[in-house]
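What follows is each chain in one-letter form.
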Amino acid sequence: MGHHHDHTHTRNKKVLFISFLITFSYMIIEVIGGFITNSLALLSDAGHMLSDAASLGVGVLAFTMGERAVNQHKTFGYKRFEILAALFNGVTLIIIALYIFYEAFKRFLHPPEVVSTGMLVIASIGLIVNITVAWIMIRGDTEENLNLRSAFLHVLGDLFGSIGAIIAALLIMFYGWAWADPLASVIVAILVLISGARVAKDAVHVLMEGVPKSVNIKDIINTIESVEGIVNIHDLHIWSITSGKNALSCHAVVSDHLSVKDCQKILMKIEEKLKHQGINHTTIQMETDEHEHSESILCDHEPNDEN
């Protein structure tokens, strides 16, 4: 499982780096084109592509930092840096969306002249670039890895931005509808805002050490308590160190007659069962009913269904 995780990590890093090079290169062209054509839809698309390049760069840095070895000050290493990168990208998406709303409002009031032909050409090339980058990134672990998923959502939002700019350019060319430019920007901004809010929420959930979405806490409890020799468990905590790396700790009450060797066998059974449920790191304290734990901070509250 460790080898698979390392392989996936390397693949994700490579996917992000290639995507960064492509996005950054075209971003320069699109920014210039946006100013030349005076199109907000194109400028918003260019601005989002600029944030794409930044998010992809931060993503690559996060994977690189995550490879650093553990030490006496960082006992889990730098894996959480990936979650911080995802939070940064999520917040960036929200800020970009709000700025586009602001600019679109001004353009609805005073629609400027837009060079629709140039806008159409640049937006069409941008669409091809975004489709290429999205295709490259989908080959990575965009479902489980929050860092990669946040960067992918940046690219996906930019892809929709290119489509919006193309539609707006065609409406301006054939019907003279100047309001199509800011309208396309607003639609894209809504999609970007939703994506950013979701990514930021997921990142905060990890940083708050919430239960991973892929883990069912009731199933975990049933799995542990189904092992012969376990009476019950308490002080159960399940959290993510980073995407795809989940940890668990708990106190397990065992039968009084069990020896140390018996307890060791029980631990091995539990660890093996939990691996199949996505738990990579397990810490279980064995104790009997006589063990006093009522004064422990961790024993004050039992897990419930509240968020």
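Cut-offs applied
Residues numbered from 1 in each chain as written. Predicted model: local features only at pLDDT ≥ 70, side-chain atom pairs only at ≥ 80, totals over all residues. Heavy atoms only, no water. Helix = DSSP H or I, 4+ residues; strand = E, 2+ residues; numbered from the N terminus. Buried < 20%, exposed > 50% of the residue type's maximum accessible area, 1.4 Å probe, protein only. Contact = heavy atoms within 4.5 Å. Areas by Shrake-Rupley, 256 points an atom, 1.4 Å probe, with all protein chains shown as cover. Salt bridge = Lys/Arg side-chain N within 4 Å of Asp/Glu carboxyl O. Pairing = 2+ DSSP bridges. Axes fitted to C-alpha atoms, helices over the stretch in contact; angles between N-to-C directions. Parallel < 35°, antiparallel > 145°, perpendicular 65-115°, else oblique. Left-handed = near helix turned anticlockwise from the far one by under 90°. Nonpolar A, V, L, I, M, F, W, Y, C, P; charged D, E, K, R; others polar. Phe/Tyr/Trp six-rings, centres within 6.5 Å; stacked < 30°, edge-to-face > 60°. Expected span 1.5 Å × (residues − 1).

S.K.: Help me understand the overall build of the protein, please; the structure alone is not making it clear to me.
M.R.: On a plain count of helices and strands, the protein comes out with eight helices and three strands. Secondary structure of the protein in N-to-C order comes out as α-α-α-α-α-α-α-β-β-α-β. Counting every position in the protein, which comprises 307 residues, the buried fraction comes to 46%. For the protein, long-range pairs separated by at least 24 residues make up 74% of all intrachain contacts whose partners lie at least 6 apart in sequence. Total accessible area on the protein stands at roughly 16,500 Å², and carbon and sulfur atoms take up 63% of it.

S.K.: Looking at this model, I keep getting lost on the pattern of salt bridges. Mind explaining?
M.R.: Close approach of charged atoms lets side chains of opposite charge pair. Here the structure, examined in full by the defined rule, presents two salt bridges. Among the ionic pairs, Glu103 bridges to Lys106, the shortest N-O distance being 3.6 Å. Here Glu103 pairs with Lys106, and both are found in helix 3 (residues 81–109), just three residues apart, close to one helical turn. Assessed through its relative accessible area of 16%, Glu103 is described here as buried. For Asp202, the salt bridge goes to Lys213, with nearest N and O atoms at 2.6 Å. With Asp202 in helix 6 (residues 180–207) and Lys213 in the loop between helix 6 and helix 7 (217–225), this residue pair connects regions lying 11 residues apart in the sequence. The buried category is assigned to Asp202, whose relative accessible area is 11%.

S.K.: So what exactly am I meant to see when it comes to the pairing of strand 1 (residues 230–242) here?
M.R.: Side-chain direction in a regular strand flips from residue to residue, so the side chains alternate between the two faces of the sheet. The buried count for strand 1 comes to 10 of 13 residues, which makes it a mostly enclosed element. Pairing between strand 1 and strand 2 (residues 245–254): nine bridges, direction antiparallel. Across the sheet, the residue bridging to Asn232 is Val253, located in strand 2. Turn length for the strand 1-strand 2 hairpin, with the two strands adjacent in sequence and antiparallel, is two residues, and the turn residue Gly244 shows positive phi of about 80°.

S.K.: Would you mind going over the packing of helix 3 against helix 6 with me for this structure?
M.R.: Between two packed helices, what matters for the description is the angle formed by their axes and the separation of those axes. Look at helix 3 against helix 6: their axes get within 7 Å of each other, and the N-to-C directions meet at 155°. One finds that helix 3 runs roughly antiparallel with respect to helix 6. The element helix 3 and its partner helix 6 pack so that their crossing is left-handed. Taken together, the residues that form the contact of helix 3 with helix 6 break down as 25 nonpolar, four polar and two charged.

S.K.: Quick question: what am I supposed to make of the packing of aromatic side chains here?
M.R.: Describing an aromatic ring pair means giving the distance of the ring centres and the angle of the ring planes. Taken as a whole and judged by the stated rule, the model has two aromatic pairs. Aromatic side chains Tyr175 and Trp177 sit 4.8 Å apart centroid to centroid with 25° between the ring planes, which places their arrangement in the stacked category. You can call Trp177 partly exposed: its relative accessible area is 34%. For the pair Trp177 and Trp179, a centre-to-centre distance of 5.2 Å together with 20° between the ring planes defines the contact as stacked. Ring pairs connect the aromatic residues Tyr175, Trp177 and Trp179, which therefore count as one cluster.

S.K.: Any chance you could explain helix 6 here in plain terms?
M.R.: An α-helix turns once per 3.6 residues; consequently, residues spaced three or four apart project the same way. Spanning 28 residues, helix 6 covers 41 Å between terminal C-alpha atoms, matching the ideal 40 Å at 1.5 Å per step. Downstream of helix 6 by a residue or two, Glu209 has a phi angle that is positive, lying close to 60°.

S.K.: It is not clear to me how the environment of Phe17 should be interpreted in this structure. Could you clarify?
M.R.: By the element assignment, Phe17 lies in helix 1 (residues 2–37). Exposure remark for Phe17: the relative accessible area of 42% places this residue in the partly exposed category. In sequence terms Phe17 and Val60 are 43 residues apart; their C-alpha atoms lie 6.1 Å from each other.

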